[in-house]
Amino acid sequence: MASRVVLHLERERCKGCGLCVAFCPREVLGLAQELNGLGYHPVEMRAGERCHGCGRCALMCPDLAISMAKGEAV
Amino acid sequence: MASRVVLHLERERCKGCGLCVAFCPREVLGLAQELNGLGYHPVEMRAGERCHGCGRCALMCPDLAISMAKGEAV
Amino acid sequence: MSSTFAPPEALTKVPFHYCPGCTHGIIHRLVGEAIDRLSIRERTIGVASVGCSVLAYNYFNVDMQQAAHGRAPAVATGIKRVLPDRVVFTYQGDGDLASIGLAELVHAAARGERITVIFVNNANYGMTGGQMAPTTLLGQITTTTPSGRAVKEAGYPLRVVEMLATLEGPVYLARVSVHDPANVIRARRAIIKAFEVQLQDLGFALVEVLSICPTNWGKKPVEALSWLKEHMLPVFPLGEFRAVS
Amino acid sequence: MSSTFAPPEALTKVPFHYCPGCTHGIIHRLVGEAIDRLSIRERTIGVASVGCSVLAYNYFNVDMQQAAHGRAPAVATGIKRVLPDRVVFTYQGDGDLASIGLAELVHAAARGERITVIFVNNANYGMTGGQMAPTTLLGQITTTTPSGRAVKEAGYPLRVVEMLATLEGPVYLARVSVHDPANVIRARRAIIKAFEVQLQDLGFALVEVLSICPTNWGKKPVEALSWLKEHMLPVFPLGEFRAVS
Amino acid sequence: MTHEIIVAGFGGQGVLFTGQLLAYAALAEGREVSFIPSYGPEMRGGTAHCAVVISDEEISSPLVEEPTAALVFNLPSLARFEPRVKPGGLLLLNSSLVHRPVQRNDLLVYRVPASEIAAGLGLDRVANMVMLGAYLALSRAVSPETVRRLLEEKIFARSPQLLEVNRQALEAGERYTGSLALGA
Amino acid sequence: MTHEIIVAGFGGQGVLFTGQLLAYAALAEGREVSFIPSYGPEMRGGTAHCAVVISDEEISSPLVEEPTAALVFNLPSLARFEPRVKPGGLLLLNSSLVHRPVQRNDLLVYRVPASEIAAGLGLDRVANMVMLGAYLALSRAVSPETVRRLLEEKIFARSPQLLEVNRQALEAGERYTGSLALGA
Amino acid sequence: MKVLMKGNEALAEAAVRAGCRCFFGYPITPQTELLEYLARRLPEVGGVFLQAESEVAAINMVYGAAGAGARVLTSSSGPGISLKQEGISYLAAAELPCVIVNIMRGGPGLGGIQPSQADYFQATRGGGHGDYRVIVLAPASVQEMADLAVLAFELADAYRNPVMILGDGILGQMMEPLELPPFKEDLPAREWATDGCRGRARRIINSLYLDAEELERHNLRLQEKYRRIAEREVRWEEYLTGDAQVLVVAFGTCARIARATVKAARSEGIRAGLFRPITLWPYPYRQLQAAAASARAVLVVEMNAGQMVEDVRLALEGRVPVHFYGRTGGMVPASGAVLQELRRIGGVGRVQHVRPA
Amino acid sequence: MKVLMKGNEALAEAAVRAGCRCFFGYPITPQTELLEYLARRLPEVGGVFLQAESEVAAINMVYGAAGAGARVLTSSSGPGISLKQEGISYLAAAELPCVIVNIMRGGPGLGGIQPSQADYFQATRGGGHGDYRVIVLAPASVQEMADLAVLAFELADAYRNPVMILGDGILGQMMEPLELPPFKEDLPAREWATDGCRGRARRIINSLYLDAEELERHNLRLQEKYRRIAEREVRWEEYLTGDAQVLVVAFGTCARIARATVKAARSEGIRAGLFRPITLWPYPYRQLQAAAASARAVLVVEMNAGQMVEDVRLALEGRVPVHFYGRTGGMVPASGAVLQELRRIGGVGRVQHVRPA
Ligand SMILES: Cc1ncc(C[n+]2csc(CCOP(=O)(O)OP(=O)(O)O)c2C)c(N)n1
Ligand SMILES: Cc1ncc(C[n+]2csc(CCOP(=O)(O)OP(=O)(O)O)c2C)c(N)n1
Ligand code: SF4
Ligand code: SF4
Ligand code: SF4
Ligand code: SF4
Ligand code: SF4
Ligand code: SF4
Ligand SMILES: [Mg+2]
Ligand SMILES: [Mg+2]
């Protein structure tokens with residue numbers, strides 16, 4: 001089984017700017033309905049299975065809210 | 001008789017820098033032995049008859065000590 | 001499970017205070033990544049300037065000095081002259097670097113100071129609420145150009161990199177942007193190079209990074225990136241303007 | 001008997017305080033001649049800077065302001081903005097203009113201020129006794145570069161005109177010299193043009209004039225002119241770098 | 001009587017606008033008034049607040065040390081201003097966002113679900129008008145009528161839709177008398 | 001005794017050097033000494049002067065208000081310093097350049113044709129040494145021997161020709177005792 | 001009719017009405033609204049608004065414009081005012097009229113952006129080099145931000161001297177109703193301005209005097225002018241000083257707070273009064289001495305570490321004990337805390353000298 | 001062995017011997033020799049000499065270098081010191097040790113280049129923004145130019161505070177024999193310097209405190225430090241004060257002149273004495289008060305319009321009449337003229353207060 005990339009979204013660092021959402025080529029991400037502790041609608045995984053680990057979301061995130069790791073699906 | 005250019009040397013403005021002397025193509029000018037009121041050896045006419053009014057001396061004088069006028073020889 | 005993309009060690013864990021979508025955050029990360037990549041964290045001294053990034057000293061996980069508005073290149077010069085084997089960088093906005101601090105910048109560049117300057121051009125003064133910067137585009141509305149920047153009153157946008165490229169002191173000069181992932185990657189490369197030339201003791205290096213200010217531009221972050229691409233790129237062309245071979 | 005070459009009306013009769021052979025005097029005369037030629041004496045305001053020419057306000061027979069060291073372009077901006085139909089010029093040395101006053105110069109140029117800048121480059125600080133200027137040549141000995149200007153410590157000579165030529169605000173930029181009569185004539189022409197573009201309300205104009213400082217160079221005036229020709233011309237090439245067609 | 005009012009919340013919640021509106025209304029009624037906003041780099045998230053003094057006499061100090069009323073739009077502002085309200089003073093909470101109980105027991109505490117009411121009106125942003133309406137109903141610091149006239153004639157004169165929803169919010173607040181709670 | 005000396009002349013006449021030489025000589029003799037030059041943009045022509053105080057006691061003020069001696073090399077300096085010399089003090093004039101009579105009648109005036117003597121030695125510039133020699137012969141502020149040693153060992157150690165002509169000038173000055181004139 | 005305006009904007013609008021058509025400045029919190037207001041407003045009246053590249057450039061543009069005969073304004077806060085010191089010294093030396101606004105924030109260094117009064121020394125003692133004085137006006141309300149702006153231009157012209165308006169972040173940001181001053185039409189002629197020498201002898205704006213005697217004469221002339229200003233232009237306000245046993249001395253925002261305190265103290269039976277200097281230079285020394293005639297103690301209240309205390313001590317010369325209560329860094333004295341101090345010293349008249357460190 | 005040196009050069013050489021290996025400055029008369037001396041000297045000892053593009057750049061280079069842990073020097077005169085005010089405020093706020101030399105010349109504005117003491121207020125009251133203090137040392141001889149340079153570096157390090165040496169054109173240009181101080185080898189460790197965080201927690205040099213309470217705490221810490229300095233570091237010199245009926249107070253060059261005057265006065269039977277503050281901040285208030293115990297009159301002598309008079313009045317609080325004799329613009333008080341003043345006031349003790357305008 002090919003190892004795959006796992007995204008880690010840090011809700012409490014997220015400011016809901018939507019850059020990750022806009023730059024994901026596969027519409028994997030979205031913004032949550034609820035607010036986080038900072039008062040923003042944070043990023044959430046909408047269709048994790050579509051993610052192919054291209055890292056565009058993480059590259060564009062201004063708030064270090066997305067990190068990626070190689071590993072088994074969790 | 002052709003009108004000619006007359007040089008007027010203002011001794012008391014002259015600082016004896018020698019620029020006029022150096023740039024005169026006809027060795028018309030020189031610096032005087034004596035000092036002027038400022039303590040410099042001022043410019044003097046050495047061979048006025050050689051002057052052809054080219055104005056190089058006046059152009060190079062930094063102290064407005066040389067002026068020129070068209071007129072009869074004085 | 002091995003991490004492939006994680007916050008660099010050269011950044012602290014302190015959350016940024018920047019507005020949502022502000023690309024100061026991306027640029028911080030790129031600088032942090034460059035420091036990590038070159039393994040110079042423990043011998044790097046950063047200089048924070050006055051602008052939205054004034055608190056940069058809280059984010060870069062290295063020794064930091066906070067400089068007076070515009071004077072970061074002079075402060076960096078002071079540090080580097082005393083500690084020539086350390087790595088010194090400044091992080092400055094366009095108001096800081098191109099307006100009040102222009103003389104210090106140009107002279108540091110002309111001297112070939114061995115420092116790395118990260119220059120964040122967001123076409124306005126972010127921190128004080130969106131006034132005109134020297135890099136503000138013609139026609140751009142700011143709080144001090146309420147009818148749009150007009151040449152007659154406020155002159156032309158300043159192209160810092162092009163101007164510095166006439167000097168002999170700089171060895172690396174580049175303009176990059178962070179408006180999409182491909183450009184972020186290019187920006188990262190440029191920033192790494194700008195540190196490398198310092199490590200090689202070659203001379204002055206500066207990377208201008210085109211950045212957005214969604215708050216003061218009055219645009220959503222994604223819109224702001226498009227605006228950057230559409231309006232800033234034509235005025236501020238990307239590329240390396242001076243590079244060592 | 002009609003005068004063909006006499007001190008311009010735009011100069012007072014006060015004898016210059018400059019050292020023997022100092023070409024500040026020639027350059028003063030050229031500026032005066034330009035003002036005469038364009039018949040603008042009664043609507044010209046000159047700005048004297050801090051350097052050997054600090055007393056220029058005694059020599060130019062026009063309204064004059066004496067500005068703080070390096071700030072003449074800002075002072076001129078203040079005047080010109082208030083009195084847009086007057087002619088405003090600054091007269092500045094290389095220390096004044098290219099060192100402490102660089103930011104004010106570049107910004108006035110970038111704004112396209114309608115002023116005329118006469119920039120006297122004598123490769124050192126004359127007034128304070130011969131220290132290094134930004135324009136000092138590599139290897140040149142001054143009181144603050146006692147072993148000659150070295151790149152590593154003091155960087156490269158600044159070529160102001162080339163740098164300004166990257167901006168959009170300037171409409172006339174030229175470098176001339178006064179080391180012989182032919183060049184004096186060319187310098188005169190350039191200075192007249194630099195006033196003309198202001199009269200036409202076109203933008204910023206600057207003429208850099210290469211000049212000598214026999215006293216601090218430790219050379220006789222005639223030798224100093226040769227030194228200028230031999231050593232300065234290669235580093236500071238003459239010509240028009242921006243001109244209106 | 002002198003009203004010393006603090007309005008506090010997140011940057012985007014319109015707290016400064018609310019305070020200014022109060023101040024303008026007081027001016028329109030010929031009262032003495034002062035308004036002091038918090039300022040600074042708080043635009044980048046964080047909280048904002050302002051202090052309004054409305055009086056029939058000359059105002060000595062425009063600084064509000066012990067507010068007679070605090071309009072609190074979010075949690076951090078409660079922590080900051082609860083301790084400062086004058087004993088017996090008014091504490092209005094936007095209960096849609098502020099859930100924690102009030103510690104003090106010497107205040108008149110009103111919980112107004114302002115964000116919910118505003119959402120009901122179709123525009124989240126008018127929660128501030130709900131709060132203002134409720135405050136005016138309770139304090140009569142200025143007449144709600146004056147505020148309404150200002151909204152009509154000055155502020156939303158050229159955007160009837162915004163005017164409508166703001167007016168509705170103001171009135172909803174005025175009507176929302178309920179839920180007096182003594183703290184702790 | 002305290003010697004308070006002014007040396008004054010044109011910029012190029014070596015007046016500051018003369019004053020410094022005096023000061024170094026005093027130091028070499030273990031005396032108290034101070035030296036204050038005029039400074040500034042006077043390099044561009046104009047005059048220069050300096051003030052030297054030599055004393056066997058601690059020097060309170062290094063400023064010379066009423067010099068005990070003035071060495072005057074040119075006309076403008078005479079105008080400036082003649083009025084200031086202490087009554088009974090020494091006024092040494094380089095009579096080659098200073099032709100006008102002295103106004104005061106309470107001074108010991110010596111006219112030394114220093115420039116001519118120097119020219120006679122083949123180097124105009126050493127007129128200052130002639131003046132210094134004459135002054136030392138008259139005042140013994142320091143020993144001429146000390147000055148000679150300084151010239152030899154320090155100042156012209158590596159230029160025997162200059163040393164020679166300077167020494168000759170100094171000695172010519174010492175020998176030139178003549179011509180005491182009471183002013184006006 | 002009264003309008004409600006921010007202090008910064010009221011000052012700006014009043015300047016326009018006072019005939020100022022010329023502003024050079026650089027953004028800095030908490031004065032930026034002044035700049036932004038004029039960026040809109042000056043073009044409407046055909047004036048010049050220029051955002052300078054720095055405070056250094058701005059003050060030198062002011063020099064040029066003032067020398068050219070304009071009524072000219074600049075404004076800044078703490079760090080920016082420090083950068084202007086060389087220029088201010090030049091303006092004073094060349095006797096150029098202009099108005100400089102400092103909306104103070106907490107220092108030193110980059111400090112903070114909250115209100116402060118910590119630039120008192122800088123303003124009143126001249127932060128620049130040389131013997132010069134700047135007239136310093138301290139408003140305490142939005143109305144005064146406007147009124148003193150008008151006065152500032154009048155004084156600047158009358159004495160050909162820079163005038164500084166020393167406000168703070170609260171005064172700049174606060175809104176209060178105010179009566180705007182009328183438009184001024186006829187500005188005084190400027191027989192000294194360098195505006196082109198058509199039909200007259202040329203003029204020179206200058207501060208260089210290479211000859212020491214000449215420079216001394218120039219300095220004596222300036223000192224003579226300062227003496228004249230000190231005689232004529234002292235301004236202050238008193239509140240219940242007639243029988244005051246304890247006198248509060250405060251300026252600007254602190255005076256507003258102190259007024260509330262004095263009221264409260266009176267209602268407790270403490271015979272308190274308030275002395276508010278409006279001109280900080282020239283300082284109302286004699287007037288303060290008179291106002292303190294019945295006082296057993298004086299309390300100085302400032303948003304700094306006690307800078308005005310020196311002027312109060314110079315006025316009182318040890319006759320009354322001087323106490324100090326201050327907050328710094330953007331903290332504002334609470335009138336309650338001031339009242340507590342008043343109770344302490346007003347009650348027992350504890351003699352405790354404040355001596356500047 | 002004594003050497004004969006110019007004050008500017010003596011100060012420069014003493015700095016090198018005090019361990020200073022780092023100079024940033026910009027030419028200006030009458031301090032340029034200091035710069036020129038170090039341009040030659042520092043490379044000899046492996047130090048850094050950099051002619052900055054301006055005084056603004058120089059003081060910020062000082063900030064960087066001081067923060068990096070160096071003993072660093074800068075120097076200038078009048079206009080250049082004014083330009084440094086923002087930077088000095090930053091240095092004080094960030095608590096960075098450094099030495100700043102001001103060789104005063106006549107002001108204001110471009111003024112002249114002859115000696116003056118007209119930057120007294122600027123130096124002692126902080127020409128920059130905010131509540132901060134700079135230790136100010138006033139040498140009166142070439143020997144002290146050297147000795148106080150050494151002391152300045154020690155104090156700067158001891159208190160992590162900028163120290164200013166306030167000289168004048170005469171002190172800078174004058175030559176006197178002096179004993180040069182020995183070379184200092186062991187500099188104090190700098191546990192706060194930003195020199196790379198190898199093996200330790202990272203460090204920050206900063207003066208920003210956005211939170212007002214934090215900034216106030218920082219200010220209180222600074223004020224506490226200033227109080228400590230004021231307690232411990234006051235320096236002064238007295239000459240024949242024991243029985244003095246008329247006391248001259250003067251610093252720097254004026255104190256040299258006044259010393260001669262006092263001598264002359266004594267020989268006429270006037271019981272004169274001299275009080276010379278060496279630290280201008282902290283000012284020797286108590287010491288002056290004590291020295292004036294027997295005085296019937298005090299005469300302040302300065303090369304300015306009477307700036308130190310305020311400190312003298314603050315010290316004496318009206319107990320003794322304070323007179324002033326000053327020259328400005330590069331003029332130097334003649335000891336004869338001072339003597340005449342002494343005769344006037346020392347004889348009859350005419351009571352005439354000096355009040356700052
Ligand atoms: C001397 C001085 N002048 C002005 C300011 C106010 N100020 C703070 S940040 C800033 C502008 C910053 O703009 P920029 O450098 O473009 O940074 P950005 O916020 O856009 O990232 C200004 C003018 C200051 N702190 N100090
Ligand atoms: C703020 C300030 N810094 C420094 C000086 C001293 N200063 C006077 S003239 C000068 C240099 C002038 O050199 P330059 O501009 O090249 O003119 P030049 O004399 O060579 O013609 C300096 C540094 C000053 N007057 N003001
Ligand atoms: S890694 Fe690529 S595919 Fe996956 S969420 Fe991020 S942008 Fe989308
Ligand atoms: S880019 Fe980052 S901060 Fe923005 S929404 Fe995505 S995760 Fe959140
Ligand atoms: S005019 Fe020409 S020929 Fe005559 S003296 Fe001058 S340079 Fe010589
Ligand atoms: S060029 Fe002028 S100043 Fe020089 S020697 Fe000739 S006349 Fe005299
Ligand atoms: S104001 Fe602009 S530059 Fe500053 S943090 Fe916000 S978006 Fe970024
Ligand atoms: S010092 Fe140099 S520049 Fe100045 S007047 Fe003399 S020669 Fe000319
Ligand atoms: Mg910016
Ligand atoms: Mg020069």
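Residues numbered from 1 in each chain as written. Chains lettered and ligands numbered in written order. Predicted model: local features only at pLDDT ≥ 70, side-chain atom pairs only at ≥ 80, totals over all residues. Heavy atoms only, no water.

### A look at the sheet that holds strand S10 (residues 236-239) of chain G
Residue and element names in this part refer to chain G. If you trace the five strands from one edge of the open sheet to the other, you get S10-S12-S11-S14-S15, paired in mixed fashion. A strand with exactly one partner marks an edge of an open sheet, and here the two such strands are S10 and strand S15 (322-326). Strand-to-strand twist in this sheet, taken as the mean axis angle between neighbours without regard to direction, amounts to 20 degrees. Where strand S14 (residues 297-302) and S15 come together, five bridges link them in parallel fashion. Its bridge partner being in S15, Val 301 is matched across the sheet by Tyr 325. (Pairing = 2+ DSSP bridges. Helix = DSSP H or I, 4+ residues; strand = E, 2+ residues; numbered from the N terminus. Axes fitted to C-alpha atoms, helices over the stretch in contact; angles between N-to-C directions.)

### Quick look at the arrangement of the chains
When the 16 pairs of chains in contact are compared, the highest contact count belongs to chains G and H. Chain D shows no contact with chain E. Their nearest C-alpha atoms sit 28 Å apart. Regarding chain A and chain F, the two do not touch, and the least distance separating their C-alpha atoms is 58 Å. (Contact = heavy atoms within 4.5 Å.)

### Remarks on the interface of chain G and chain H
Opposite the 64 residues of chain G that make contact, chain H presents 64 residues. Between chain G and chain H lies a buried interface of about 5700 Å² when both sides are counted; carbon and sulfur atoms form 57% of it. The interface formed by chain G and chain H holds six salt bridges in total. Residue Arg313(H) is joined to Glu317(G) by a salt bridge in which the shortest nitrogen-to-oxygen separation is 3.1 Å. The tally of links from chain G across to chain H stands at 34 residue pairs in polar contact (both at pLDDT 80 or more). Broken down by secondary-structure element, the contributors of at least two residues to the side of chain G that touches chain H are helix H4 (78-83), helix H5 (85-93), helix H6 (120-125), helix H9 (212-232), helix H11 (285-291) and helix H12 (309-316) of chain G. Broken down by element, the residue count for the side of chain G that touches chain H peaks at nine residues, all from H9(G). Taken together, the residues that form the side of chain G that touches chain H break down as 25 nonpolar, 27 polar and twelve charged. (Buried area = accessible area lost by both parts, 1.4 Å probe. Salt bridge = Lys/Arg side-chain N within 4 Å of Asp/Glu carboxyl O. Polar contact = N/O pair within 3.5 Å; in protein donor to acceptor, adjacent residues only side chain to side chain. Nonpolar A, V, L, I, M, F, W, Y, C, P; charged D, E, K, R; others polar.)

### A few points about the confidence of the model for chain E
Chain-level pLDDT for chain E is 91 on average; 93% of the residues reach the 70-or-more range. The ipTM, which scores confidence in the relative placement of chains, is 0.97 for this predicted complex, and the corresponding pTM is 0.97. (pLDDT = per-residue confidence, 0-100.)

### Examining unusual backbone geometry
With an omega of -5 degrees, the peptide bond between Gly107(G) and Pro108(G) qualifies as cis. Here Arg160(G), not a glycine, exhibits a phi torsion of approximately 45 degrees, which is positive. You can see Arg160(G) is positioned in the loop between helix H7 (142-159) and strand S7 (162-168). The backbone phi angle of Leu240(H) is positive, close to 60 degrees, even though this residue is not glycine. Locating Leu240(H) in the fold gives a position in the loop between strand S10 (236-239) and strand S11 (246-249). What makes Leu240(H) partly exposed here is its relative accessible area of 38%. (Buried < 20%, exposed > 50% of the residue type's maximum accessible area, 1.4 Å probe, protein only.)

### Some words on the coordination of the magnesium ion (ligand 9)
Residue and element names in this part refer to chain C. At the metal site, the magnesium ion (ligand 9) is ligated by Asp 94 (OD), Asn 122 (OD1) and Asn 124 (O), and these contacts range over 2.0 to 2.2 Å. Counting the intervening residues between successive donors of the magnesium ion (ligand 9) yields the motif D-x27-N-x1-N. Of this pair, Asp 94 sits in helix H4 (residues 94-100) while Asn 122 sits in the loop between strand S5 (116-121) and helix H6 (151-154), placing them 28 residues apart in sequence. Assigned by exposure class, Asp 94 and Asn 122 land together as buried. (Donors = N, O, S within 2.8 Å, 3.2 Å for Na, K, Ca; no water.)

### Some words on the site of ligand 2
Looking at ligand 2, there are 24 residues lining it, with Cys52(D), Asp94(D), Asp96(D), Gly126(D) and Glu55(H) nearest. A distance of 2.5 Å separates a nitrogen atom of ligand 2 from a polar atom in the side chain of Glu55(H). Burial of ligand 2 by the protein chains amounts to 99% of its free accessible area of 590 Å². Of all elements in the fold, only helix H4 (94-100) of chain D together with helix H4 (78-83) of chain H reach the threshold of two or more residues within the shell around ligand 2. Top contributing element to the shell around ligand 2 by residue count: H4(D), with four residues. For the shell around ligand 2, the class distribution of residues is eleven nonpolar, nine polar and four charged. (Near = heavy atom within 4 Å. Areas by Shrake-Rupley, 256 points an atom, 1.4 Å probe, with all protein chains shown as cover.)

### Notes on the coordination of the magnesium ion (ligand 10)
Looking at the magnesium ion (ligand 10), one finds its protein donor set to be Asp94(D) (OD), Asn122(D) (OD1) and Asn124(D) (O), positioned 2.0 to 2.2 Å from the metal centre. Taken in chain order, the donor set of the magnesium ion (ligand 10) reads D-x27-N-x1-N.

### Remarks on the pairing of S11(H)
Residues and elements named next belong to chain H. Of the two faces of S11, the one holding Val 246 and Val 248 and the one holding Leu 247 and Val 249 are both buried throughout. By the bridge criterion, four bridges tie S11 to strand S12 (residues 272-277) in an arrangement that is parallel. Note on S12: the bridge partner recorded for Val 249 is Phe 275. Remark: the S11/helix H10 (residues 252-267)/S12 crossover connection has right-handed handedness. (Right-handed = clockwise from strand over helix to strand, strands pointing away.)

### Here we look at the interface of chain C and chain A
Taken together, the contact between chain C and chain A spans 31 residues of the former and 22 residues of the latter. Between chain C and chain A the total buried area reaches about 2200 Å² when both faces are included, carbon and sulfur atoms providing 69% of it. Joining chain C to chain A, the criterion identifies zero salt bridges. Seen at the junction of chain C and chain A, the total is nine residue pairs in polar contact (both at pLDDT 80 or more). Taken together, the residues of the side of chain C that touches chain A break down into 20 nonpolar, seven polar and four charged. For strand S4 (residues 66-71) of chain A and strand S1 (residues 2-5) of chain C, the ladder comprises three bridges, and the chain directions are antiparallel. Its bridge partner lying in S1(C), Met68(A) is registered against Phe5(C).

### Examining the packing of aromatic side chains
Overall, the coordinates contain 27 aromatic pairs over all chains when judged by the stated rule. Lying across the ring of Phe121(H), Arg125(G) places its NZ or CZ 5.7 Å from the centre. Sitting above the plane of the Tyr239(H) ring, Arg259(H) keeps its charged end 4.0 Å from the centroid. (Phe/Tyr/Trp six-rings, centres within 6.5 Å; stacked < 30°, edge-to-face > 60°. Lys NZ or Arg CZ within 6 Å of the ring centre and 35° of its normal.)

### As for the relation of the copies chain G and chain H
With an RMSD of 0.0 Å, the operation that places chain G on chain H is a rotation of 180 degrees combined with a shift of 0.0 Å along the axis. Between the two chains, the operation in question is that of a two-fold axis. The position closest to the rotation axis in chain G is occupied by the C-alpha of Gly127(G), lying 1.8 Å away. Residue by residue, 100% of the interface of chain G is reproduced at the interface of chain H, so both copies engage with the same surface. (Least-squares fit on C-alpha atoms with pLDDT ≥ 70 in both.)

### A word on the side chain of Ser207(H)
Inspection of the secondary structure puts Ser207(H) in the loop between strand S9 (204-205) and helix H9 (212-232). By relative accessible area, Ser207(H) is classed as buried at 0%. Within the local environment of Ser207(H), its side chain forms a polar contact with the backbone nitrogen of Leu110(G), the two atoms lying 2.8 Å apart. Beyond its immediate sequence surroundings of up to four residues, Ser207(H) is in contact with Pro108(G), Gly109(G), Leu110(G), Gly111(G), Tyr90(H), Ala93(H) and Ala94(H).

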